[in-house]
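One letter stands for each residue in the lines below.
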Amino acid sequence: MKLLRDTSLIFNRQMQLLLRNPVWILVGVFQPVMYLLLFAPLLKPALQVQSNAAAYEIFVPGLLVLLAIFGGLFQGFGLIAELRAGVIERSRVTPVSRLALLLGRSLRDVVSLIAQAVIITLLALLFDLRVFIGDLLLAYLMLALISLMTSAVSYGVALAVKSEDALAPLMNTVAQPVLLLSGILLPLTYAPGWLQGIADYNPFSWAVNGTRALFRGDLGAPDVWQGLLIMAVLAVLAVAWSARMFARSVR
Amino acid sequence: MIETRGLRKSFVSRQGREKKTVEAVRGVDLDVAEGEIFGFLGPNGAGKTTTLRMLATLIEPDDGSATIAGADLRADPGEVRRRIGYVAQGGSTWDDSTAREELVLQARLYGASKSDALARAARVLDGFQLSDYADRKCKTYSGGQRRRVDIALGIIHEPKVVFLDEPTTGLDPQSRAHMWDEIRRLRAEGMTVFITTHYLDEADALCDRISIMDNGEIVASGTPTDLKREISGDVVRVGLPMEAVAAAAQALNTYKIETYDDSVRLYVEDGAVAIPQILRALDAADVPLGTIELHRPSLDDVFLTKTGRSLRES
Ligand SMILES: Nc1ncnc2c1ncn2[C@@H]1O[C@H](COP(=O)(O)OP(=O)(O)OP(=O)(O)O)[C@@H](O)[C@H]1O
Ligand SMILES: [Mg+2]
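What you are looking at is a predicted structure, and each value in this text was computed from that prediction instead of being measured.

What counts, and where the lines are drawn
Residues numbered from 1 in each chain as written. Chains lettered and ligands numbered in written order. Predicted model: local features only at pLDDT ≥ 70, side-chain atom pairs only at ≥ 80, totals over all residues. Heavy atoms only, no water. Helix = DSSP H or I, 4+ residues; strand = E, 2+ residues; numbered from the N terminus. Buried < 20%, exposed > 50% of the residue type's maximum accessible area, 1.4 Å probe, protein only. Contact = heavy atoms within 4.5 Å. Areas by Shrake-Rupley, 256 points an atom, 1.4 Å probe, with all protein chains shown as cover. Lys, Arg positive; Asp, Glu negative; His and termini not counted. Charge placed at Lys NZ, Arg CZ, Asp CG, Glu CD. Rg over C-alpha atoms; globule rule 2.2 N^0.38 Å. Axes fitted to C-alpha atoms, helices over the stretch in contact; angles between N-to-C directions. Parallel < 35°, antiparallel > 145°, perpendicular 65-115°, else oblique. Left-handed = near helix turned anticlockwise from the far one by under 90°. Donors = N, O, S within 2.8 Å, 3.2 Å for Na, K, Ca; no water. Domains from an automatic or database assignment. Buried area = accessible area lost by both parts, 1.4 Å probe. Salt bridge = Lys/Arg side-chain N within 4 Å of Asp/Glu carboxyl O. Polar contact = N/O pair within 3.5 Å; in protein donor to acceptor, adjacent residues only side chain to side chain. Expected span 1.5 Å × (residues − 1). Near = heavy atom within 4 Å. Pairing = 2+ DSSP bridges. Core = buried A, V, L, I, M, F, W, Y, C linked by side-chain atoms within 4.5 Å. Phe/Tyr/Trp six-rings, centres within 6.5 Å; stacked < 30°, edge-to-face > 60°. Right-handed = clockwise from strand over helix to strand, strands pointing away.

Turning to the overall build of chain B, a few remarks are in order. Looking only at helices and strands, chain B has 11 helices and 14 strands in total. Referenced to the eigenvectors of the C-alpha coordinate spread, the extents of chain B come out at roughly 80 × 50 × 40 Å. For chain B, the residues scored as buried account for 49% of the 314 residues in total. Considering only contacts within chain B whose residues lie at least 6 apart along the sequence, 66% involve residues at least 24 apart. Surface summary for chain B: the accessible area is close to 14300 Å², and the carbon and sulfur share equals 45%. Each charge sign in chain B was given a centre, from 41 positive and 50 negative side chains, and these centres are 7 Å apart.

Structure representation (structure tokens):
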């Protein structure tokens, strides 16, 4: 099928370029690893849990979701560089599927995110985190959906604003409240009621709860399917919108 | 091969609070024949790139219609894309890719199989004399090499029509001459080539026909020779000893003539044909001849007549 073929062409090129400089994947995990090593030890007393393992069960999923959100939201910068180089325009005069131009790129972002997630999970295993492989794979699916959505949004916005100067503050403005209101770094269990009320309207809060349930081994929790469903719907919407931006005029 | 009627495009740009509408292209009619090099000559901001981007399906016209290589631009942009190639003014290569990678990808985006794409890439690399650097990253290329890669990317799928937006801007004279040869080669291979330029000599030497564009409108179209002839014809200046001027004017009274102290100027259709006749007429009348010069109007004269400005100044 043409879409599949086109997507894999774009994806392969993007992967090839990424693997030419794999150091960026490592740079990307540097910050979360620092959080893992330097911030997490403070958590056991703060979260009032029994063991390090229990603290990591809460913290690591949040960290991964955070990485997925931010990693995705900042992919737009790479696209602006491509716009400037004329690569996007060159693709747009060919009959290539516009959806493939987006999907090929977003799937690369998903793959690089999952690679980073694996690195962080492995490190966390050293700190006594334990999680079933099946649950972990579902958690990775959640992360993949988040990163698909955020990177698609970032590409769409990048095509709309066309400049790094506009993209950076925009993405930060979106990301900060999303981050603070989702209980990503610390669960909102002890938050005042109004804050929890707001968080209920934050889709990422549902994603984090779902991911935490999976890391707890609580596959049956409604949080899991609710989180996955919300992320899947949003990812589809984001991809549809962003693909339209690719189809529209650029520059 | 390309036919447009009434193409229009305006942009709304914001400056602070104010919205300003720029009418970039205001009603362009073009007829480009198969197998010719057609040139779009005009100063900065004339609307050349905007017209090309419309024809290449990158932006939608506000109004008007166009048929390109038999496909209707408004009704079937997908088919237009399959039949044309487009090389943007600003280049199109990625720093960290090699020319071969870019070419193979481009061919595959046009639907070629992997082996076909590799063969095509090798062929155009050879054709554009890029084989020696084909596997080096694009960022290491010189400006001229990189421009050749751009053009190779635009024709890798052997389109019927290729649009080249300022293919030689920024190149040194030798690279420009090379590029002209490449472009003539594309014509020889049967492609219709549509280029934009603001170089007068390029339009003159390279293009079979041109349209001069200014301020979003086409002010003149035709072969460079016809356009120049149309405005004034050639001027032949005959330098003479002062006392011979009157006799010369008498001998050449069938021409449109102006007399000066030491010369006469004749306005003729085609100087190359007129000069031998003039010489014979003067000889027959025994007028002693000093010098003879032919001044042919340049495309700049054409531009000046049509717009009141010189292309060199604008
Ligand atoms: N996306 C855009 N938004 C607003 N104005 C635009 C846009 N693209 C072009 N213009 C304006 O339209 C006019 C025509 O621009 P265009 O790029 O077509 O000129 P050009 O003939 O290609 O010039 P040059 O020789 O400098 O490349 C200019 O005034 C330009 O500022
Ligand atoms: Mg231009």
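Still to come is the rest of the account.
Before going further, it helps to spend a moment on the overall build of chain A. What chain A contains, in helices and strands, is 12 helices and zero strands. Since a compact globule built from 251 residues should have a radius of gyration of about 18 Å, the 18 Å found for chain A is in line with a globular shape. Oriented by its inertia axes, the alpha-carbon framework of chain A measures out at about 60 × 40 × 35 Å. Put simply, chain A has 251 residues, and 50% of those count as buried. Put simply, 80% of the contacts in chain A that link residues at least 6 apart link residues at least 24 apart. Just so you have it, chain A exposes about 11100 Å², and 70% of that area is on carbon and sulfur atoms. Computed over 18 positive and 12 negative side-chain charges, the inter-centroid distance for chain A is 12 Å.

Residue and element names in this part refer to chain A. Tracing the backbone through its elements, the reader meets Leu229 in helix H12 (residues 222-247). Judged by relative accessible area, Leu229 falls into the partly exposed class, the value being 48%. Placed 187 residues apart in sequence, Leu229 and Leu42 show a C-alpha to C-alpha distance of 33 Å.

Residues and elements named next belong to chain A. Interhelical geometry of helix H8 (residues 133-161) versus helix H9 (residues 164-180) gives an angle of 140 degrees and a closest axis separation of 9 Å. As judged from the angle between their axes, H8 and H9 are oblique. For the crossing formed where H8 meets H9, the hand is right-handed. On H9, the residues touching Ser154, Val157, Ala158 and Val161 of H8 are Ala166, Leu167, Leu170 and Met171.

Let's shift gears to the coordination of the magnesium ion (ligand 2). At this site the magnesium ion (ligand 2) is bound by Thr49 of chain B (OG1) and Gln89 of chain B (OE1), with donor distances of 1.8 to 2.2 Å. On the criterion of sequence distance, the pair formed by Thr49 of chain B in helix H1 (residues 48-55) and Gln89 of chain B in the loop between strand E6 (84-87) and helix H3 (99-109) is long-range, its members being 40 residues apart.

This part is about the domain arrangement of chain B. Accessible area lost on assembly of the parts is the figure often given for the size of an interface. Under the domain assignment used here, chain B contains domain 1 (2-226) and domain 2 (232-296). A separation of 45 Å is found between the C-alpha centroids of domain 1 of chain B and domain 2 of chain B.

Taken together, the contacts link 24 residues of chain A with 27 residues of chain B. Roughly 2400 Å² of surface becomes buried between chain A and chain B when both sides are summed, with 53% attributable to carbon and sulfur atoms. The largest contributions to the chain A side of the interface with chain B come from Arg90, Val93 and Pro95 of chain A, which together make up 28% of the buried area. The interface formed by chain A and chain B holds four salt bridges in total. The residue Glu101 of chain B makes a salt bridge to Arg20 of chain A at a minimum N-O spacing of 2.6 Å. In this assembly, chain A and chain B are joined by 10 residue pairs in polar contact (both at pLDDT 80 or more). Among the elements of the structure, helix H1 (2-20), helix H5 (76-85) and helix H6 (87-92) of chain A are those that each provide at least two residues to the side of chain A that touches chain B. The leading source of residues in the side of chain A that touches chain B is H1 of chain A, at seven residues.

Let us now look at H1 of chain A. Under the 1.5 Å per step criterion, the end-to-end length of H1 of chain A is 27 Å for 19 residues, consistent within 8% with the ideal 27 Å. Here H1 of chain A has its buried residues at Asp6, Thr7, Leu9, Ile10, Arg13, Gln14, Met15, Leu17 and Leu18 of chain A. Contacts from the buried residues of H1 of chain A go to helix H2 (23-39), H5, H6 and helix H7 (98-126) of chain A together with H3 of chain B.

The subject of this paragraph is the site of ligand 1. Around ligand 1 sit 15 residues in total, of which Asn44, Gly45, Lys48, Thr49 and Thr50 of chain B are the nearest. With respect to ligand 1, the chains having nearby residues are chains A and B. Within the side chain of Asn44 of chain B, an N or O atom sits 2.8 Å from an oxygen atom of ligand 1. At 3.1 Å, a backbone N or O of Ala46 of chain B approaches an oxygen atom of ligand 1.

Quick look at the sheet that holds strand E5 (residues 71-72) of chain B now. In any sheet, the strands associate via hydrogen bonds between backbone groups, in a parallel or an antiparallel arrangement. All names here are of chain B. Reading across from one edge, E2-E1-E4-E5 is the order of the four strands in this open sheet, with antiparallel pairing throughout. With one partner strand each, in any of the chains shown, strand E2 (18-32) and E5 form the two edges of the open sheet. Where strand E1 (residues 2-15) lies against E2, 12 bridges are found, and the strand directions are antiparallel. Its bridge partner being in E2, Ile2 is matched across the sheet by Val32. Of the strands in this sheet, E1, E2 and strand E4 (63-68) are in contact with H1, which crosses E1 at around 115 degrees.

On to the nonpolar core. Membership of the largest hydrophobic core comes to 73 residues, with the highest contact counts inside it found for Val60, Ile69, Ile120, Leu143, Ile146, Met231 and Phe246 of chain A. By size, the runner-up hydrophobic cluster in this structure holds 44 residues, among which are Leu41, Val124, Met179 and Ile195 of chain B.

We now examine the packing of aromatic side chains. To describe a pair of aromatic rings, one takes the distance between the centres and the angle between the planes. The full count for this structure, using the stated rule, is seven aromatic pairs over all chains. Measuring from ring centre to ring centre gives 6.1 Å for Phe70 of chain A and Phe74 of chain A, while their planes differ by 10 degrees; the resulting arrangement is stacked. According to the relative accessible area criterion, Phe70 of chain A is partly exposed, its value standing at 22%. Since its relative accessible area comes to 27%, Phe74 of chain A is described here as partly exposed. For the pair Phe38 of chain B and Phe194 of chain B, a centre-to-centre distance of 5.2 Å together with 65 degrees between the ring planes defines the contact as edge-to-face.

To continue, consider the pairing of strand E8 (residues 192-197) of chain B. All names here are of chain B. With respect to burial, E8 is a largely interior element, six of its six residues being buried. The side-chain alternation of E8 yields two buried faces, one formed by Thr192, Phe194 and Thr196 and the other by Val193, Ile195 and Thr197. As defined by bridge partners, strand E3 (residues 37-41) adjoins E8 across five bridges and the pair is classed as parallel. In the sheet register, Phe40 faces E8, and the bridge partner there is Thr196. Note that the unit made of strand E7 (residues 161-165), helix H6 (residues 173-188) and E8 has a crossover that is right-handed.

The subject of this paragraph is the pairing of strand E11 (residues 234-239) of chain B. Residue and element names in this part refer to chain B. Of all six residues that make up E11, five are buried, and the element is covered over most of its length. Summarising the sheet, E11 and strand E13 (residues 263-268) pair through six bridges and their orientation is antiparallel. What sits directly across from Asp234, in E13, is Val268. The sheet contact formed by E11 and strand E14 (residues 291-295) spans five bridges and is antiparallel. Residue pairing for E14: Val238 is matched across the bridge by Ile292.

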